[in-house]
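# Remarks on the overall topology
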Amino acid sequence: SSPSFTGRIQLAPNIALACRCIVVSVILCAMAPLSPFSHVGQSWHSALSAVALVAAGELRFCSADYAGVDPADVTTLLSQMTLQDKYDQLCNPIFDDEVAESWLARAKIDIRWFSGPELMFDLQENERLGIRGLRTRDGPRGLTCKLGGSRKFWAPCPVDGSSPAFPAQSLRAATWDVELEHELGAAIGEIAQALDLHVVFLPSINILPWLNWGRGQESYGEDPLFNGKMGAAAVRGVQSQGVMATAKHFLANNIENVRWYASAEFDEKTLHEVYLKQWSIIVAESSPEMVMTAYNRAQGSWANQNPKFISILRNRLGFEGTVMTDWFATLESVMSIQEKSPWHGKPFGWFGNATTVLTAGVDMEMPLCNFAKKSVLGLASCSFSDAESCQAANVLDRAVAHILRSKLRYGLIGNRAKPKVKIDPFPKFFKRSQMGLEDSAVAPLNQMKFDELALRIARQGIVLLKNEGGILPKRPSEIHKVAVLGTPEQLETGDQGSSSVKHSGETVTVMQGLQVKYGMSQVVLVEDLNAEGSAEIVRTADLVVLDVGLSWEDEGEFIPPASGGDRSHLGLRLADVGLIRKGSKLSNKV
């Protein structure tokens, strides 16, 4: 059952799959319940189960170019892992005293880690076995050092929580340039390396069939093929820097406000020709190491609990990496929080059983475990029946094997693993901060290089829809006065969710750009068109520029109670429409 052998038996996939399942189940059902917190190696039963799980591998029907990993390396690690070690690979057991005894002491944390957003994004280090804990971070338009625009990450992020930002995916799609998207991915991978990050959450390859979708700016548009091609370019760029990219959100995630309970309904033809097309391309052309599942249901089943979808991803599309959930997507309290949810207010228990997510083929529950916790507790207490123990041990080892395989590919285990960046001890950190100094672990970044790339992308992606009468371009020699209306001094830097980035580089507002081009004295900001003299300024201007548009309050990732969400309409704000009409009546040079 080596990779080359499975390649030779693809002409008889059903027979091969049946033989593999028989071998795995025979070995696994011989297993005894595992010892929960023992720090010695597992029994030979665990080692054999690991061999069966990893050596059998996934049958593939599509071509993908994943780097080979010796199954023996994975099985050796699995045989040395306690149940606690395995659990720590799946999620972050925050305050999980039922599973993680003396967790605070084991984590060796200080108050900074405890108070920052790291506890939701960084997993446990395993010093005994030399396994790095995955350090993960959003997002689609740059790696955030300030979660949601408010909670900053600690070093290697700078103290002000800033980091390089790039144009949104929707603008990058308008470049039609896969090589430029590869360059963008490589830049984000380089930044991730400097910040000691292993996994970055991009690209989003969900198509845009409904224009009101609040996260349309995180999409490459409505075409599955184009999403696959651009997404694959981004993945290749990120992973060229030794960082894992995460294609998201699997599957059929195209709505925000009801994403925690809505079901995307479509027939099998639509599933394969529309909703799976971009996934088949991105796997075949870039081999993404991570896939994140969606919150929503698809064909009536939760995207992170239906074995059908994950089986297609692995066995037909050829995905060989790790699958994780979206944040809190397996917590009943989160998934039923909205009053319109069919499950709002219902007693817990409607969302699945102990092995639901693991059985479906999802490896990691992020950031907190729910189902995996139930599986581990059942194995630790021997409260499962023999059949349940067989199933739980089987799917737990399979998930951990996938994660270990990903870590081995990216040098996060053993002597190859780059040591975790050591931040200053708290007393030193406090003293330096009092002196106005950064933590000595703050990563140096070539900001000028990233600014140049962002500007180049913006220039290639900006679209001029109409230029009636050849009003543009306007050379400085033609201009004596420019009247500017709207919000030309406001910067739009993403929503308050995955796309939120506090930009560390140079920013140029519309107002500043006009002043540089035409001169400070020639550019006049008209803040109130009804004020005395304002109409005359607009009427006599050689050029009138209106800067209007939406913000994170109107669209973006939906963060209850009121941030972002789907657009309620496709027009501008009524105040903006009124401003455009007034300005157009005063001048034909708008």
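Criteria and cut-off values
- Residues numbered from 1 in each chain as written.
- Predicted model: local features only at pLDDT ≥ 70, side-chain atom pairs only at ≥ 80, totals over all residues.
- Heavy atoms only, no water.
- Pairing = 2+ DSSP bridges.
- Helix = DSSP H or I, 4+ residues; strand = E, 2+ residues; numbered from the N terminus.
- Axes fitted to C-alpha atoms, helices over the stretch in contact; angles between N-to-C directions.
- Contact = heavy atoms within 4.5 Å.
- Buried < 20%, exposed > 50% of the residue type's maximum accessible area, 1.4 Å probe, protein only.
- Phe/Tyr/Trp six-rings, centres within 6.5 Å; stacked < 30°, edge-to-face > 60°.
- Lys NZ or Arg CZ within 6 Å of the ring centre and 35° of its normal.
- Disulfide = S-S within 2.5 Å.
- Parallel < 35°, antiparallel > 145°, perpendicular 65-115°, else oblique.
- Nonpolar A, V, L, I, M, F, W, Y, C, P; charged D, E, K, R; others polar.
- Expected span 1.5 Å × (residues − 1).
- Arc of directions from axis to C-beta.
- Salt bridge = Lys/Arg side-chain N within 4 Å of Asp/Glu carboxyl O.
- pLDDT = per-residue confidence, 0-100.

On to the sheet that holds strand β13 (residues 543–547). As summarised here, the arrangement of the 3 strands in space is β12-β11-β13, forming an open sheet in which the pairing is parallel. Each edge of the open sheet carries a strand with a single partner, namely β12 (523–525) and β13. Each neighbouring strand pair of the sheet contributes to a mean axis angle of 25°, computed without reference to strand direction. Bridge count between strand β11 (residues 482–486) and β12: 3 bridges; the pairing is parallel. Its bridge partner being in β12, Val484 is matched across the sheet by Leu525. Where helix α20 (residues 510–518) meets the sheet, it contacts β11, β12 and β13, and its direction lies at approximately 155° from that of β12.

The next subject is the environment of Leu570. With respect to the helices and strands, Leu570 occurs in the loop between β15 (563–565) and α22 (574–586). Overall, the relative accessible area of 48% leaves Leu570 in the partly exposed class. Separated by 358 residues in sequence, Leu570 and Asn212 have C-alpha atoms that sit 6.6 Å apart. With sequence-adjacent residues up to four places away left out, Leu570 is seen in contact with Leu211 and Asn212.

Turning next to the packing of aromatic side chains. A complete count under the given rule lists 16 aromatic pairs for this structure. Arranged with centres 5.4 Å apart and planes meeting at 85°, the rings of Trp154 and Phe429 form a pair that is edge-to-face. Linking Trp154 in the loop between β3 (151–152) and α8 (169–173) with Phe429 in helix α18 (residues 426–434), this pair joins segments that are 275 residues apart in sequence. Of the two residues, Trp154 and Phe429, neither departs from the other in class, the shared state being buried. Look at Trp260 and Phe558: their rings are 6.0 Å apart centre to centre, the planes differ by 50°, and that puts the pair in the tilted class. Residue Trp260 is found in the loop between β5 (244–250) and β6 (263–264), and its partner Phe558 is found in strand β14 (residues 556–559); the two are separated by 298 residues along the sequence. Summarising the burial analysis for this pair, Trp260 and Phe558 share the class buried. An aromatic cluster is built from Phe121, Phe153, Phe201 and Trp327, whose rings are joined through pairwise contacts. When the ring centre of Phe153 is taken as reference, the NZ or CZ atom of Arg137 above it lies at 3.8 Å. Positioned over the ring face of Trp154 is Lys152, at 4.0 Å from the centre of the ring.

With that settled, consider the state of the cysteines. Taken as a whole, this structure holds 2 disulfides when the rule is applied. Note that Cys91 is cross-linked by a disulfide to Cys369, the S-S spacing being 2.1 Å. Taking the sign of the S-S torsion, -115° for the link of Cys91 and Cys369, the bridge is left-handed. Taken together, the residues span a long stretch of sequence, with Cys91 in the loop between α5 (83–90) and α6 (103–107) and Cys369 in the loop between α15 (356–360) and α16 (371–381) at a distance of 278 residues. No difference in accessibility class separates Cys91 from Cys369, as the two residues are buried.

Further remarks concern the packing of helix α11 (residues 268–275) against helix α12 (residues 277–286). Between α11 and α12, the least distance of the axes is 4 Å, while the angle of their chain directions is 45°. Judged on the interaxial angle alone, α12 and α11 are oblique. Packed against α11, whose contacting residues are His272, Glu273, Val274 and Tyr275, the element α12 presents Lys277, Gln278 and Trp279 at the interface. Among the residues forming the contact of α11 with α12, the class breakdown is 3 nonpolar, 2 polar and 2 charged.

Attention now moves to helix α19 (residues 447–461). The end-to-end C-alpha distance of α19, which contains 15 residues, comes to 21 Å, matching closely the 21 Å that a straight helix rising 1.5 Å per residue would cover. Taken as a whole, α19 has its buried residues at Gln447, Phe450, Asp451, Leu453, Ala454, Ile457 and Gly461. Down the axis of α19, the smallest arc covering the buried residues is 160°, so these residues share one side. Opposite the buried face of α19, at more than 90 degrees from it, the exposed residues are Met448 and Arg459. Elements that come into contact with the buried residues of α19 comprise α8 and α9 (178–194).

Turning our attention to the pattern of salt bridges. With the rule as written, the count across this model stands at 30 salt bridges. Here Arg137 and Asp122 are joined by a salt bridge, their closest N and O atoms 3.4 Å apart. Of this pair, Arg137 sits in strand β1 (residues 136–138) while Asp122 sits in the loop between α7 (111–115) and β1, placing them 15 residues apart in sequence. Across the pair, Asp122 and Arg137 agree in class, each one buried. For Asp554, the salt bridge goes to Arg573, with nearest N and O atoms at 2.5 Å.

This next bit is on the confidence of the model for the protein. Scored by pLDDT, the protein comes out at a mean of 85, with 86% of its residues at no less than 70. This stretch, residues 1–61, has a pLDDT under 50; its non-local contacts, to residues over four places away or in other chains, come to 95 contacts.

This paragraph deals with the pairing of β11. Of all 5 residues in β11, 4 are buried, a share of seventy percent or more. Looking at chain direction, β11 and β13 are connected through 5 bridges and run parallel. Looking at the pairing, Val482 lines up with Leu543 of β13.

Burial along strand β7 (residues 290–293) is two-sided: Met290 and Met292 facing one way and Val291 and Thr293 facing the other are all buried. Note that β5 and β7 share 4 bridges and pair parallel. Considered in β7, the bridge of Thr246 is made with Met290.

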